[in-house]
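Structural characterization, general
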Amino acid sequence: MATYVLWKKGALLLAAAVLAGCASEPKTIYSWDNYQPTLYQYYQQDKTSPEEQITALNLALEKAKAKNKPVPPGLHAQLGLLYANTGRGTEARQQFETEKAQFPESAPYMDFLLSKNKGAAK
């Protein structure tokens, strides 16, 4: 009888392990795509040009739109900073306003950037 109980417990553990291995990864709210690696590259300024980072973030925006998923907080702000650093103030302002609209908690920082002329046309 004891052997049967041990065998039954072993079978249950094996079944649980198999089912756990079949579980899919959790779905995220946002379409992160390559936002995090691009942000890291921003701080490693000698590795990737701002233009390459802008292209990567715009691609992430397109992929998110295709998947009908929102982009993560900060993506529009980062894109705005890249635009500002490359002299494209109008696009920077648009990105800061988009970030502020999608994530109201970012309003103080976006207002700060806008007040420092980060979104001014050059």
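This text gives an overview of the structure that appears in the document. (Residues numbered from 1 in each chain as written. Predicted model: local features only at pLDDT ≥ 70, side-chain atom pairs only at ≥ 80, totals over all residues. Heavy atoms only, no water.)

**Here's the deal with the overall build of the protein**
Short version of the rule: Each helix is a run of H or I in the DSSP string that is no shorter than four residues. Each strand is a run of E no shorter than two, and both are numbered from the N terminus. Note on contacts: a residue pair is in contact if any heavy atoms of the two residues lie within 4.5 Å. For every accessible area listed, the method is Shrake-Rupley and the probe measures 1.4 Å; residues are considered covered only by the protein chains on display.
When helices and strands are tallied, the protein shows six helices and zero strands. Mapped in sequence order, the helices and strands of the protein form the string α-α-α-α-α-α. Here the contacts in the protein between residues at least 6 apart in sequence split such that 58% fall between residues at least 24 apart. As presented, the protein carries roughly 8300 Å² of accessible surface, and 60% of it is formed by carbon and sulfur atoms.

**Remarks on the side chain of serine 106**
We apply this condition: Burial classes follow relative accessibility: with a 1.4 Å probe on protein chains only, a residue under 20% of its type's maximum area counts as buried, one over 50% as exposed, and anything between as partly exposed. Throughout this description, a polar contact denotes any pair of N or O atoms lying within 3.5 Å of each other; where both atoms belong to protein, one of them has to be capable of donating a hydrogen while the other can accept it, and for residues adjacent in sequence the pair is counted only when both atoms sit in side chains.
Looking at the secondary structure, you find serine 106 in the loop between helix 5 (89-102) and helix 6 (107-115). The exposure class of serine 106 is buried, given its relative accessible area of 12%. Polar contacts involving the side chain of serine 106 include one to the main-chain carbonyl oxygen of glutamate 99, which spans 3.4 Å. There is a polar contact of 2.7 Å between the side chain of serine 106 and the backbone oxygen of phenylalanine 103.

**Observations concerning the packing of aromatic side chains**
Inclusion rule: Here the aromatic set is Phe, Tyr and Trp, taking the six-membered ring for Trp, and pairing holds for ring centres within 6.5 Å; pairs whose planes are under 30 degrees apart are stacked, those over 60 apart are edge-to-face, and all others are tilted.
Across all of its chains, the model carries one aromatic pair by this definition. Here tyrosine 109 and phenylalanine 112 contribute two aromatic rings whose centre-to-centre distance is 6.4 Å and whose plane-to-plane angle is 20 degrees, an arrangement assigned as stacked. Of this pair, tyrosine 109 and phenylalanine 112 both sit in helix 6, three residues apart, which is roughly one turn of that helix. With a relative accessible area of 41%, phenylalanine 112 lands in the partly exposed category.

**Quick word on unusual backbone geometry**
If you check the backbone angles, asparagine 68 has positive phi at about 60 degrees while not being a glycine. You can see asparagine 68 is positioned in the loop between helix 3 (50-67) and helix 4 (75-85). What makes asparagine 68 exposed here is its relative accessible area of 71%.

**Observations concerning the nonpolar core**
In plain terms, the rule: For our purposes a nonpolar core is just a set of buried Ala, Val, Leu, Ile, Met, Phe, Trp, Tyr and Cys residues, chained together by side-chain atoms within 4.5 Å.
Residues Leu57, Leu75, Leu79 and Phe96 are the most contacted members of the largest nonpolar core, which totals 20 residues. Secondary structure elements with two or more residues in this core: helix 2 (35-43), helix 3, helix 4, helix 5 and helix 6. It is helix 4 that contributes the most residues to this core, seven residues altogether. What leucine 79 contacts, discounting residues up to four positions off in sequence, is Ile54, Leu57, Asn58, Leu61 and Gln95.

**Concerning helix 4**
For helix 4, the buried fraction is high: ten of the eleven residues fall into the buried class. Buried residues along helix 4 sit against helix 2, helix 3, helix 5 and helix 6. Two residues or fewer past helix 4, glycine 87 is found with a positive phi of approximately 80 degrees.

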